[in-house]
Amino acid sequence: EAVNQGYYVLESDIMPYGITNWTNPSNTSTFATPAGLSCLHDLELDRPTNGSGYSFNKTRTQLEALNLKEPRSTQVGSEEILFFDELMTYAHNNDAIVVVDMKNLQAQVEGGTCLQLCEFQTQGNMELSFLKINTTWFGFVGLIILILKF
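Residues numbered from 1 in each chain as written. Predicted model: local features only at pLDDT ≥ 70, side-chain atom pairs only at ≥ 80, totals over all residues. Heavy atoms only, no water.

1. Quick notes on the pattern of salt bridges
Operational definition: Salt bridge, as used here: a side-chain nitrogen of Lys or Arg that lies within 4 Å of a carboxyl oxygen of Asp or Glu. In this text, helices come from DSSP runs of H or I with a minimum length of four residues, and strands from runs of E with a minimum of two, each type numbered from the N-terminal end. Throughout this description, buried means an accessible area under 20% of the type-specific maximum (1.4 Å probe, protein chains only), exposed means over 50%, and partly exposed covers the range between.
Applying the stated criterion across every chain, the model contains 4 salt bridges. One salt bridge in this structure joins E64 and R60, with 3.3 Å as the shortest N-O distance. You can see E64 and its partner R60 sitting in helix 1 (residues 60-64), 4 residues apart, about one turn around the helix. With relative accessibility at 36%, the residue E64 sits in the partly exposed group. Note that E86 is salt-bridged to R60, the shortest N-O span being 3.4 Å. On the criterion of sequence distance, the pair formed by E86 in helix 2 (residues 84-93) and R60 in helix 1 is long-range, its members being 26 residues apart. According to the relative accessible area criterion, E86 is partly exposed, its value standing at 32%. Residues joined in a network through salt bridges with shared partners are R60, E64, D85 and E86.

Structure follows, in structure tokens:
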């Protein structure tokens, strides 16, 4: 739709999905490791979709079953969540440019009290989340570059 309306620069927030270990930072091989990337802004699904809970710990199949709400509304629309691979394919097929705002997991702290995702309060755990999410992103972009070369 965007390209049909004359938009060739597409901006999207990118949120990880499929993280099965976000509570045990001592297991660094699985801690904060995403299965993939979705085009979502919020950690929680309640505001932008007809789902609930966190977006990052859902599977792709679970996210595909949800519908987005209409912009600035509580009405559920017919649009589905877009995934990063789909966005990149769309951009490639339509000669568009993608600008991403990569999200990583971090604690929500208010007045010195941790409210959610407290495992990500330490700088090391935030950086590990950022590293693993960006490794997923760079791996995907590297694959796209290889495909475009050949």
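2. Some remarks on the sheet that holds strand 2 (residues 36-38)
As a reminder of what qualifies: A strand pair is defined by DSSP finding two or more bridges across the two strands. Axis definition: a line fitted to C-alpha atoms, limited for helices to the stretch in contact. Angles are taken between N-to-C directions and run from 0 to 180 degrees. Working rule for contacts: check all heavy atoms of both residues, and any pair within 4.5 Å makes them a contact.
Spatial ordering of the open sheet is given by 2-1-5, a layout of 3 strands whose pairing is mixed. Of all strands in the sheet, those with a lone pairing partner are strand 2 and strand 5 (97-102), marking the two edges. Mean inter-strand twist for the sheet, computed between neighbouring axes without regard to direction, equals 45°. Bridge count between strand 1 (residues 9-17) and strand 2: 3 bridges; the pairing is antiparallel. Across the sheet, P16 pairs through a bridge with L37, a residue of strand 2. Helix 2 contacts strand 1, strand 2 and strand 5 of the sheet and is inclined by roughly 160° relative to strand 1.

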